[in-house]
Amino acid sequence: MLSKKLEKALNDQVRIEAASSQVYLSMASWAEGKGLEGIANFMYAQSDEERMHMLKLIKFINERGGNANISELKAPKNDFGTFQKMFNELLEHEIFVSDSINELVHVTLEEKDYATHNFLQWYVAEQIEEEALARNILDKINLIGNDKGGLYLFDRDIQQITANSAAITPKE
């Protein structure tokens, strides 16, 4: 059984995951409108992934005797200036989500809800991967600079990048 404090905190995270899905959907649409099909497809996939994170939380809340709430969302912005700025915003957003997950984990410890703490460890690991992915992409973008040929190759290749490949450390 979830405490009311933890139920509220989990529902706040449901809203954050839903908003994340919308942010990435907006980024995908923007990129598609700029002819950046690879980036658009990558962002559509990110949007889907965030929605799955939200659904996983909803099911958990309901299974633990709580009531998952689906709340209204603020519309995300729809202009990102450049693809470089968009990916900087992606990293900033992932850091925000990581901070939110960490705060949620803190609440589980305060409430001595170790089942929820254990459940949230998946999200902690996921956020490590998401931040690593965003940093990896920004490193590639910095290598490209303003080279249009580099952007073409990046747009084509980004569809091959996954969170798991970005977080894997090389073997020595």
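Quick caveat: nothing in here was measured; it's all calculated off a predicted structure. (Residues numbered from 1 in each chain as written. Predicted model: local features only at pLDDT ≥ 70, side-chain atom pairs only at ≥ 80, totals over all residues. Heavy atoms only, no water.)

## Description of the side chain of His53
For the record, the criterion: Each helix is a run of DSSP H or I of at least 4 residues and each strand a run of E of at least 2, with the numbering of both proceeding from the N terminus. Should any heavy atoms of two residues lie within 4.5 Å, those residues are counted as being in contact.
With respect to the helices, strands and loops of the structure, His53 is situated in helix α2 (residues 37-63). If sequence neighbours within four positions are ignored, His53 has contacts with Glu17, Trp122, Tyr123, Glu126 and Glu130.

## Regarding helix α5 (residues 148-157)
Defined as follows: Burial classes: relative accessible area under 20% of the type maximum marks a residue as buried, over 50% as exposed, and values in between as partly exposed (1.4 Å probe, protein chains only). What the arc measures is the spread of directions leading from the helix axis to the C-beta atoms.
Taken together, the buried positions of α5 are occupied by Gly150, Phe154 and Asp155. Seen along its axis, α5 keeps its buried residues to an arc of 135 degrees; they face one direction. Opposite the buried face of α5, by more than 90 degrees, sit the exposed residues Lys148 and Tyr152. For α5, the elements touching its buried residues are α2, α3 (83-110) and α4 (114-144).

## Re the nonpolar core
Nonpolar side chains in soluble globular proteins tend to end up buried together. Stated formally: Only buried residues count toward a nonpolar core, which is a set of Ala, Val, Leu, Ile, Met, Phe, Trp, Tyr and Cys residues joined through side-chain atoms within 4.5 Å.
The biggest cluster of nonpolar side chains holds 26 residues, and the ones touching the most others in it are Ile39, Met43, Phe87, Ile137 and Phe154. Sorting the residues of this core by element identifies α1 (4-33), α2, α3 and α4 as the ones contributing at least two each. Beyond its immediate stretch of four places on either side in the chain, Ile39 contacts Ala31, Phe83, Met86, Phe87, Phe154, Asp155 and Ile158. Listed in part, the 21 residues of the second largest apolar core include Phe60, Ile101, Leu120 and Tyr123.

## Here's the deal with the confidence of the model for the protein
To keep it simple, the criterion reads: As a per-residue measure, pLDDT reflects the predictor's confidence and takes values from 0 up to 100.
Looking at the protein, pLDDT values average 92 and 94% of them are 70 or higher. Across residues 163-172 the pLDDT falls below 50, and counting only partners more than four positions away or on other chains, this stretch makes nine contacts in the model.

## What to know about the packing of aromatic side chains
Quick note on the threshold: Between 30 and 60 degrees the pair is tilted, below 30 it is stacked and above 60 it is edge-to-face, where a pair is any two Phe, Tyr or Trp rings, Trp via its six-membered ring, whose centres lie within 6.5 Å. Consider the ring centre and the ring normal. A charge sits over the ring if Lys NZ or Arg CZ is within 6 Å of that centre and within 35 degrees of that normal.
Evaluated as defined, the whole model comprises seven aromatic pairs. Look at Phe42 and Phe87: their rings are 6.3 Å apart centre to centre, the planes differ by 45 degrees, and that puts the pair in the tilted class. Residue Phe42 is found in helix α2, and its partner Phe87 is found in helix α3; the two are separated by 45 residues along the sequence. Phe42 sits in the buried class, given a relative accessible area of 5%. Both rings, one in Phe83 and one in Phe154, keep their centres 5.9 Å apart while their planes meet at 40 degrees; by these two values the pair is tilted. Residue Phe83 is located in helix α3, and its partner Phe154 is located in helix α5; the two are separated by 71 residues in the primary sequence. One aromatic cluster is present, built from ring pairs that chain together Phe42, Phe83, Phe87 and Phe154. The ring of Trp122 has Lys56 sitting right over it, with the charged end atom 3.5 Å from the ring centre.

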